[in-house]
Amino acid sequence: MTNQKNNKAINIVLWVAQGLLAVMFIMAGMMKASQPIAALAESLPWVTSTPIGLVRFIGISELFGGIGLLLPSVFRIKPLLTVWAALGLALVMVLAAGFHASRGEYSNIGMNIVLIGVALFIAWGRSKKAIILAKS
């Protein structure tokens with residue numbers, strides 16, 4: 001019985017993590033993909049010295065990654081894609097940390113590390129601990 005409670009608890013924690021991370025990445029991705037650079041620069045100063053194509057690519061990657069954290073699992077259609085979305089977002093955050101380090105923006109890296117941890121937790125949980133099965 002304890003193992004069943006643990007699995008239910010981990011499943012709930014994973015759903016909360018997926019939901020929060022998805023909302024965060026969808027919002028950040030929408031901003032980077034659609035806002036004018038001048039408006040975006042008010043909250044993200046690095047965009048003024050970054051090619052606009054790269055800023056938009058990052059936004060689209062974050063947007064699709066956020067969607068990928070939820071939709072495959074919610075609809076149980078190829079739910080393994082949730083694991084891949086989480087791994088992809090972890091990679092985006094590793095690259096973001098490297099980008100910020102190269103610019104001397106060390107204060108930004110802490111959040112990247114937290115997001116890497118949450119994304120890897122989701123990837124681990126959905127591939128090993130609380131697997132969501134596809135509809136049959």
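The structure this text deals with has already been given above.
Criteria and cut-off values
Residues numbered from 1 in each chain as written. Predicted model: local features only at pLDDT ≥ 70, side-chain atom pairs only at ≥ 80, totals over all residues. Heavy atoms only, no water. Core = buried A, V, L, I, M, F, W, Y, C linked by side-chain atoms within 4.5 Å. Buried < 20%, exposed > 50% of the residue type's maximum accessible area, 1.4 Å probe, protein only. Helix = DSSP H or I, 4+ residues; strand = E, 2+ residues; numbered from the N terminus. Contact = heavy atoms within 4.5 Å. Patch = residues over 30% accessible without salt bridge, like charges linked within 9 Å, V, L, I, M, F, W, Y side chains within 5 Å. Areas by Shrake-Rupley, 256 points an atom, 1.4 Å probe, with all protein chains shown as cover. Salt bridge = Lys/Arg side-chain N within 4 Å of Asp/Glu carboxyl O. Expected span 1.5 Å × (residues − 1). Bend = angle between axes of the 7 residues up to and from the residue. Phe/Tyr/Trp six-rings, centres within 6.5 Å; stacked < 30°, edge-to-face > 60°.

**Re the nonpolar core**
Counting 20 residues, the largest nonpolar core has Leu 21, Phe 25, Leu 69, Met 93 and Ile 122 as its most contacted members. Every element with two or more residues in this core is listed here: helix H1 (2–34), helix H4 (80–102) and helix H5 (109–129). Not counting residues up to four positions away in its chain, the partners in contact with Leu 69 are Gln 18, Leu 21, Ala 22, Thr 82, Ala 85, Ala 86, Leu 89 and Ile 122. One finds Leu 40, Ala 41, Leu 44 and Val 55 within the second-largest nonpolar core, a separate group that totals six residues.

**Digging into a nonpolar patch on the surface**
A contiguous nonpolar patch, built from Ile 60, Phe 64, Ile 67, Leu 71, Val 74, Phe 75 and Ile 77 and spanning about 660 Å² of accessible area, is present on the exposed surface. With respect to the element layout, Ile 60 can be found in helix H3 (residues 52–75). Taking relative accessible area as the criterion, Ile 60 reaches 39% and is therefore assigned partly exposed.

**A look at H3**
With 24 residues, H3 should reach 34 Å at 1.5 Å per residue; the first-to-last C-alpha distance of 34 Å fits that figure. If you look at H3, its biggest bend is around 30 degrees, right at Gly 68, and the proline Pro 72 turns up within four residues after that. Within the sequence span of H3, burial applies to Val 55, Gly 59, Glu 62, Leu 63, Gly 65, Gly 66, Gly 68, Leu 69, Pro 72 and Ser 73. Following H3 by one or two positions, Arg 76 has its phi on the positive side, about 55 degrees.

**Side note on the pattern of salt bridges**
Side-chain pairs of opposite charge can arise where the charged atoms are in close proximity. This structure, assessed with the given rule, holds two salt bridges. The partner of Arg 103 in a salt bridge is Glu 105, and the shortest N-O contact between them spans 2.9 Å.

**Regarding the packing of aromatic side chains**
Per the stated rule, a full pass over the model turns up two aromatic pairs. Taking the centre distance of 5.5 Å and the plane angle of 75 degrees together, the rings of Trp 46 and Phe 99 count as edge-to-face. Taken as a pair, Trp 46 in the loop between helix H2 (37–41) and H3 and Phe 99 in helix H4 lie far apart in primary sequence, 53 residues in all. Judged by centre distance (6.0 Å) and plane angle (35 degrees), the rings of Phe 121 and Trp 124 are tilted. Of this pair, Phe 121 and Trp 124 both sit in helix H5, separated by three residues, roughly a single helical turn.

**Regarding the environment of Glu 62**
Tracing the backbone through its elements, the reader meets Glu 62 in helix H3. On a C-alpha basis, the gap between Glu 62 and Ile 26 in space is 6.4 Å, while along the polypeptide they are 36 residues apart. If near-sequence neighbours (up to four positions away) are discounted, Glu 62 is found in contact with Phe 25, Ile 26, Ala 28, Gly 29, Lys 32, Leu 89, Val 92 and Met 93.

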